[in-house]
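# Descriptive structure summary
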Amino acid sequence: MVPRLIDLPDLVGGAAALVFDKDGTLLDLDSRWVAFFTALTDTVLEALDATELRGSVLEALGVGSRALVPHGVAAAGTGADVRAVIDGVLSAAGYSGAGIDAEIASAYLSAPMGTLAPLGDPARVLTQLRDAGRRVGVATADDRERTLDDLDRLGVAHLVELLNCGDDRFSKPHPRVLLDMAEFWEISIDGLVMVGDSGHDLATARAAGSRFIAVSASDLVGADAWVETVDEIGEALVSSISGD
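Conventions used here
The residue numbering used here restarts from 1 in each chain and proceeds along that chain's sequence as written. Restriction of local features to residues with pLDDT of at least 70 applies here, the model being predicted, together with a cutoff of 80 or more for giving and counting side-chain atom pairs; totals for whole chains, interfaces and linings are based on all residues. Computation of side-chain values covers all heavy atoms of the structure but excludes hydrogens and water. Axis lines are fitted to C-alpha atoms, over the contacting stretch for helices. Their N-to-C directions set the angle, which ranges from 0 to 180 degrees. A run of H or I in DSSP counts as a helix once it spans at least four residues, and a run of E counts as a strand once it spans at least two, with each numbered from the N terminus. The scheme is simple: roughly parallel for angles under 35 degrees, roughly antiparallel for over 145, roughly perpendicular for 65 to 115, oblique for anything else. We call a crossing left-handed when the near helix sits turned anticlockwise from the far one by less than a right angle, and right-handed when that turn is clockwise. Any pair of residues with heavy atoms lying within 4.5 Å of one another is described as a contacting pair. Only protein chains enter the accessibility calculation, which uses a 1.4 Å probe. A residue is then buried if its area is under 20% of the maximum for its type, exposed if over 50%, and partly exposed in between. Being paired, for any two strands, means DSSP has found at least two bridges between them. When the strands point away from the viewer and the path from the first strand over the helix to the second turns clockwise, the crossover is right-handed.

Turning our eyes to something else, we now look at the packing of helix α2 (residues 29-47) against helix α3 (residues 54-61). Interhelical geometry of α2 versus α3 gives an angle of 140° and a closest axis separation of 10 Å. As the angle between them shows, α2 and α3 are arranged oblique. The handedness of the crossing between α2 and α3 is right-handed. Residue-level contacts link Phe 37, Thr 38, Thr 41, Asp 42 and Leu 45 of α2 to Arg 54, Val 57, Leu 58 and Leu 61 of α3.

Encoded structure:
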């Protein structure tokens, strides 16, 4: 049984807006990204004839053979963070030159993604929230172009009113991510709930002063409530409306 500090129906029912992380919250993190980061690493190192650094790069990124390291750079960092880590490992091993950054940037844009697998039924949950008058946003470390494609393929793009991405001026865990959304919606930050699976998500919520629901991350100390999937948020909304 996952502990809850705040009754989930009260938390969801009292929210004016909910902002969701994407990977690890709406989508399965590992099936989407392990293949990507492995291909990215291989592409860069093969181009530079530096394949002996494969283990070091993957370890620095936090990429295992089947799963990402929780809260690591690959799991929670932006594209810029990822590129900086790869560049750092290469530089430490004596690889340098004007073409390295371009090689990393090119591989980051072209590496194939893994399977897009929803966690629960995000389309149903976000529809429930919208129909109940809640505002819906997404805040992700991923780049905007890929995020828009993911949300479209997930069937929720039309349900997301505001979007913050890793290549925006401010990105997680900067407090402006949530504060700007609350200002746009003309609601108090107390009425906004961040939903996510990583320390970056929790830090974003705490920096802004919002509530936080942890998804499938029972080791994330400091959350106001925990759920296994976003489906429980939909169930909590229904419960809060019916009074059950």
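That was the structure; now back to the text.
Once that is clear, we can look at the pairing of strand β5 (residues 211-215). Counting buried positions over the 5 residues of β5 gives 4, a clear majority of the element. Judged from the 4 bridges that link them, strand β4 (residues 192-196) and β5 form a sheet pairing that is parallel. Each bridged residue has a counterpart across the sheet, and for Val 195 the counterpart in β5 is Ile 213. Each parallel crossover has a hand, and the one from β4 via helix α10 (residues 199-208) to β5 is right-handed. Relative to strand β6 (residues 225-227), β5 runs parallel, the two being bridged by 3 bridges. Each residue of the ladder has a partner; that of Ile 213, found in β6, is Ala 225.

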